[in-house]
Amino acid sequence: MVVPDELTLVDAWEETLTGVRSFYRGAHGDPYQHFATDIARGGEIIPLIRELFAFASDCHGGPLTVIDVGSGTGELLTRLAIAGIDARLIGIDLRPRPAGLDTAIEWVTGDARVVAGEIRGIRGVVVAHEFLDDIPCAAVEAGEDGCPRLMRVDPSSRRLVIGEPLEDPADLAWLDRWWPVTRPFMRAEIGRSRDTAWAMITGMLDSGAALAIDYGHTRPERLAGTWDGGTLVGYRDGRVVTPLADGSCNLTAHVAIDSVAESAPRAQSTRIDRWSSAPGRADFVSLVQTFT
Ligand SMILES: C[S@@+](CC[C@H](N)C(=O)[O-])C[C@H]1O[C@@H](n2cnc3c(N)ncnc32)[C@H](O)[C@@H]1O
């Protein structure tokens, strides 16, 4: 039964991302006090981007562009500028241009799911580091009968509650293909919104490569039950907390990276790996796709 006042998880999560309760737009202070990503120090990422950049250069030669989607503090682009990458560098983020960012780095403030749709013909590299896990998605919990029921949000406590059986045919088809709900009480997140976001991001590329690095998982792990508890959590003060959709924490759920990869049918090649450099991050994955 649907209690009329309950919110869909996607709507409530979206409020904490781009809406009135936006975690990143700072109603609760500087969001970057709550976590540090590996982008500032990780030793693997700059060599990998150099390799992808060389591939892009071999495809068509210059001039080339690197776009960092969900650029945060602009740290990755800053590192690329210091490393002397000979490219136009563009950051896209919900947040305003970081103070003191190298003036050679361009910045677009906005929802990357919209901004990316307006950019075409890029030759170079697009990167999304810890971006897709922030994109709101629907989630289910199986009942005792094994049927998936939608997770909803109580509008006053902003806590997750279990709602009605899932009926949306596209969501059911996605689960069937990527994360079959087969065990009572298991949870699963439905990755369609992340697939759409990746399709938009890779749609910017004429030729070159796209790189996503994120908390993620693949179908064999999901089938084996490794992620049966679901992965939706909140982050506050660098810790995992109960996912309250009130803007006090960053809501995140792991990315079904193989499904995301399939959303870019123009890709010439696809490589999915564990991303090993982040300590304690056994569940970090990378996706590299090339486009010619
Ligand atoms: C976890 S932080 C990662 C930042 C940076 N990529 C890093 O790894 O340090 C996610 C960033 O993505 C941005 N973001 C999330 N959803 C977005 C959206 N729909 N459009 C643009 N930026 C978004 C947030 O504002 C935040 O700066």
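Analysis parameters
Residues numbered from 1 in each chain as written. Predicted model: local features only at pLDDT ≥ 70, side-chain atom pairs only at ≥ 80, totals over all residues. Heavy atoms only, no water. Helix = DSSP H or I, 4+ residues; strand = E, 2+ residues; numbered from the N terminus. Rg over C-alpha atoms; globule rule 2.2 N^0.38 Å. Contact = heavy atoms within 4.5 Å. Lys, Arg positive; Asp, Glu negative; His and termini not counted. Charge placed at Lys NZ, Arg CZ, Asp CG, Glu CD. Phe/Tyr/Trp six-rings, centres within 6.5 Å; stacked < 30°, edge-to-face > 60°. Buried < 20%, exposed > 50% of the residue type's maximum accessible area, 1.4 Å probe, protein only. Salt bridge = Lys/Arg side-chain N within 4 Å of Asp/Glu carboxyl O. Polar contact = N/O pair within 3.5 Å; in protein donor to acceptor, adjacent residues only side chain to side chain. Core = buried A, V, L, I, M, F, W, Y, C linked by side-chain atoms within 4.5 Å.

Asker: Looking at this structure, I do not really get the overall build of the chain. What am I missing?
Answerer: Along the chain, the regular secondary structure elements total eight helices and 16 strands. Computed over the C-alpha atoms, the radius of gyration of the chain is 19 Å, within 12% of the 19 Å expected from 2.2 N^0.38 for a compact globule of 292 residues. Principal-axis analysis of the C-alpha atoms gives the chain an extent of 55 × 40 × 35 Å. At a minimum sequence separation of 6, the contacts of the chain that also span at least 24 residues come to 66%. Looking at charge distribution, the chain has the averaged site of its 28 positive side-chain charges lying 2 Å from that of its 42 negative ones.

Asker: Any chance you could explain the packing of aromatic side chains here in plain terms?
Answerer: Describing an aromatic ring pair means giving the distance of the ring centres and the angle of the ring planes. In this structure the tally under the stated criterion is two aromatic pairs. Ring centres 5.3 Å apart and planes at 80° place the aromatic pair Phe23 and Tyr24 in the edge-to-face group. Centre to centre, the rings of Tyr215 and Phe284 are 4.7 Å apart; their planes meet at 85°, and the pair counts as edge-to-face. Here Tyr215, found in strand S10 (residues 205-217), pairs with Phe284, found in strand S16 (residues 284-291); they are 69 residues apart in sequence, far enough to count as distant.

Asker: In this structure, what is going on with the side chain of Asp195? I would like to understand it.
Answerer: Along the polypeptide, Asp195 turns up in helix H6 (residues 192-203). Notably, Asp195 is buried but unbridged: the nearest opposite-charge side chain belongs to Arg192, and the N-O separation is 7.3 Å. Sequence-distant contacts of Asp195, defined by excluding residues within four places in its chain, comprise Trp174, Ser259, Val260 and Ser263.

Asker: Before we go on, may I ask you to explain the environment of Asp168 in this structure?
Answerer: Turning to its location among the elements, Asp168 is positioned in the loop between strand S8 (160-165) and helix H5 (169-178). Within polar-contact distance, the side chain of Asp168 engages the backbone nitrogen of Ala170 at 2.8 Å.

Asker: How should the nonpolar core be read in this particular structure?
Answerer: Note on soluble globular proteins: their nonpolar side chains tend to be buried together. By size, the foremost hydrophobic cluster in this structure holds 30 residues, and its most contacted members are Ile67, Val69, Phe131, Leu132, Trp198 and Met204. Elements supplying a minimum of two residues to this core: strand S2 (65-69), strand S3 (88-93), helix H4 (112-115), strand S5 (122-129), H6, S10, helix H8 (257-262) and S16. Setting aside chain neighbours within four positions, we find Met204 in contact with Ile67, Val69, Ala116, Ile119, Arg120, Gly121, Ile122 and Val126. Core analysis: the second largest hydrophobic core is formed by 26 residues, Ile45, Ala209, Ile213 and Phe284 among them.

Remember, this is a structural readout, not a statement about activity or role.
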